[in-house]
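# Summary of the model geometry
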Amino acid sequence: MSPNRKLTSFEKSIPDYRKRILISLARAILVPPLVTYLAFRVAWRSLSPWLSFPLALLSIPVTICLRSYYTLWVQDREAAHLGAQPITRVRGRWPGNLDVVLRLVKSFEDGYVLQGFADLFEEYGCTTLNTRFFWDDQIISMDEQVFRFVAHTGFAHFEKGILWHERIDKLLGTGLFNAEGNQWRTVRKKASSRSLAELITTTFVHLMQGRQIARPFFSKERISDFQIFEQTSAKTLNLIANRAAADAPIDIQDLLQRFTLDSAALFLWGTALDTLDQPLTQPGRVVLGPKGSAPIDGGTEWDVFTEAFETVAVLITRRGVQGDTWPLLELFKDKTEEPIQVIMDWLEPLVKQAMTRKAKHVEANGDVKVNARDDETVFLDYLASTTDDVDHVRYELITFLIASRDTTSSLLTFVIYLLALYPDVCHRLREEVVNTFGLTGTPSYEHLKDMDYLHSVLKETLRLFSSAPLVARTSRDDPLVIPSTNKLYLPPRTQIMMSSLLAHKRPDLWGPDAEEFRPERWSEPALLEKVATTPFMYSPFYGGPRICLGKEFSLNQAGYFIVRLLQRFQAFRLAPEFMPAGSLPPAHWAGMPGRMGVEKIHPAINFTMHSKGGLWLFADPALSTDHA
């Protein structure tokens, strides 16, 4: 904890992960031998301590085994009573499936993204698994029917859960992504607590209405006003052009993160962050950062913020991979504390500016109310007008920072990567762009929505490289039956992780070419009908009441930028020689099936999908006489 930083009121309420893990360890390691030892001493007073002590120690594994078998027996009986079957359980060679845990951790470090889970699904021949790590129920699924139940039809039966909050509360606080239950409904709409039965029947109405704080700022009228996109796109493209004129590569991933953040800051906060004006990373002068490239000789304030932000993302993602035992590695120090302080300090001026504007508004108008429908109103000012809680405003800034900076930049990064990898797709898409807008025409919302091949490229990119490929939820206090191909029994208070990325690559849903990049599939009537009738087979923006609020904003921003990009550049060439050491795909990927054997970069997950070490490439300018 920084000595100058006071805990927020919300931080004081965060569950203490140290307390939880220490109590769990005490129950597992201390209580059984103590009870056993005392029992032996009472029953057989003449029993030698040298004999009772090892018997007491033996009680630890015996108790764990008995508790595990009893739990599974109870679950199997309950599943049978409900007419369901238990989810297939992983059975490793080592106690607690420790060998499987280590395999997944290694895969997370040097394997293809989520390949460890994909291998488990193939090994067990199913689409939903109970990993049973350290004898606890932990579900992983790539089943579209499971997604539909958790996200939509059974929404009221799930919450984010204690494991989620332990990992991430200190960063997201009371922000919209993190809030749930009454708190989440208060953010979206103030609603009273209700019984579960009543909540099931009213949840969709209340939660959809509850987006009223943010929804006006993502209306069609606002997201179809491309003035801000034009301003930030022009600056971004000029930076690419400057590098192209010098025959030098550029880290497009870093550049796009600046572009999306500057755009969102103007759109939602009414503030020019001008991160695009900060010095760019230089080719040959970078090292491998937490996610992308980092300057070898230090950097600007932006670089310090980026490193802190990415460090937190890496740490929180690793906590998720390590399961509920991650606190063992952070018993003496919360590793996210220092980088989170950097993020808070970076955002502090924005919060102060918003509260100052609020005070001036009250002084001038005698009323705190701000009209969300007024075109001059920005989201940050409207948010500040609804609360006096400065910490909540700061948490919401972090929430929308992640949503605006990382998700859309991830989509654009992989679109451009795929355009470089598949020149024929780039040529066809550029042809559509030039035929629609020419080399200088300004993209409009009406024309943009009619660009079929552009939308096919965006959809196919999100299919193979979902910006948020893994979502976790926890069931509440009652056992559930999930309607899948077979009815699946879900124990109470069990975390379930859903991977849209793996679902998007299932051959039984997408055909034998499921792992191929083929935008043309999105013009095939049979596939379109299948997606329409099985909507959760394609869910890059999640679904149900918590579907991504900024979905259309993100797609509009990405589409606009791609049009402007292809008006000025005709092709892109990867520059692997400029990627930082340790960022390229491992040698053992070569010749492997699926995407692993194709990739020229190393896709990875830390909060969102990204290219490990950045994405360095050359951009070839379009000729002035070029007509695609």
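Here, every reference points to the structure presented above.
Note that the structure is a prediction, hence the values are computed from the model and not measured.

### Thoughts on the packing of helix H3 (residues 98–110) against helix H12 (residues 301–322)
It is at 10 Å that the axes of H3 and H12 come closest, and there the two elements cross at 150°. In terms of their interaxial angle, H3 and H12 are classed as roughly antiparallel. The hand of the H3/H12 crossing is right-handed. In this structure, H3 uses Val105, Phe108 and Glu109 to contact H12, whose residues at the interface are Thr317, Arg318 and Val321. Class assignment for the residues of the contact of H3 with H12 results in three nonpolar, one polar and two charged.

### Some details on the sheet that holds strand S12 (residues 569–574)
Here three strands make up an open sheet; going across it, the order is S5-S15-S12 and the pairing antiparallel. In this open sheet, the two strands that pair with only one neighbour each are strand S5 (250–251) and S12. Pairing of S5 with strand S15 (residues 616–621), which is carried by two bridges, proceeds in the antiparallel orientation. The residue bridging Asp251 from the neighbouring strand is Trp616, located in S15.

### Overview of the sheet that holds strand S2 (residues 128–130)
Across a sheet, paired strands are connected by hydrogen bonds in the backbone, their directions being either parallel or antiparallel. The strand order across the open sheet formed by five strands is S2-S3-S11-S8-S4, and the pairing between neighbours is mixed. At either margin of the open sheet sits one strand with a lone partner, and together these are S2 and strand S4 (158–159). In the packing of helix H4 (residues 115–124) onto the sheet, contacts are made with S2, strand S3 (138–141) and strand S11 (495–498), and the angle to S2 comes to roughly 95°.

### Observations regarding helix H13 (residues 337–365)
Taking 1.5 Å as the rise per residue, H13 with 29 residues should run 42 Å; its terminal C-alpha atoms sit 40 Å apart, in good agreement. At Leu347, H13 shows its strongest bend, of approximately 40°, with the proline Pro349 following within four residues. Gly366, located one to two residues past H13, shows a positive phi value of around 70°.

### Considering the packing of aromatic side chains
Within this structure, the stated rule accounts for 20 aromatic pairs. On the basis of an interplanar angle of 35° and a centroid distance of 5.2 Å, the ring pair of Tyr422 and Phe517 is categorised as tilted. Here Tyr422, found in the loop between helix H15 (390–421) and helix H16 (423–437), pairs with Phe517, found in the loop between helix H20 (507–510) and helix H21 (525–533); they are 95 residues apart in sequence, far enough to count as distant. Here Tyr422 falls in the buried class, since its relative accessible area comes to 19%.

### Let's talk about helix H6 (residues 161–172)
In this model, H6 (12 residues) spans only 14 Å end to end at C-alpha, well below the 16 Å of a helix rising 1.5 Å per residue. For H6, the buried fraction is high: 10 of the 12 residues fall into the buried class. One or two residues past the end of H6 sits Gly173, with phi positive at roughly 50°.

What counts and how
- Residues numbered from 1 in each chain as written.
- Predicted model: local features only at pLDDT ≥ 70, side-chain atom pairs only at ≥ 80, totals over all residues.
- Heavy atoms only, no water.
- Axes fitted to C-alpha atoms, helices over the stretch in contact; angles between N-to-C directions.
- Helix = DSSP H or I, 4+ residues; strand = E, 2+ residues; numbered from the N terminus.
- Parallel < 35°, antiparallel > 145°, perpendicular 65-115°, else oblique.
- Left-handed = near helix turned anticlockwise from the far one by under 90°.
- Contact = heavy atoms within 4.5 Å.
- Nonpolar A, V, L, I, M, F, W, Y, C, P; charged D, E, K, R; others polar.
- Pairing = 2+ DSSP bridges.
- Expected span 1.5 Å × (residues − 1).
- Bend = angle between axes of the 7 residues up to and from the residue.
- Phe/Tyr/Trp six-rings, centres within 6.5 Å; stacked < 30°, edge-to-face > 60°.
- Buried < 20%, exposed > 50% of the residue type's maximum accessible area, 1.4 Å probe, protein only.

Shape is all these values report; function is a separate question.
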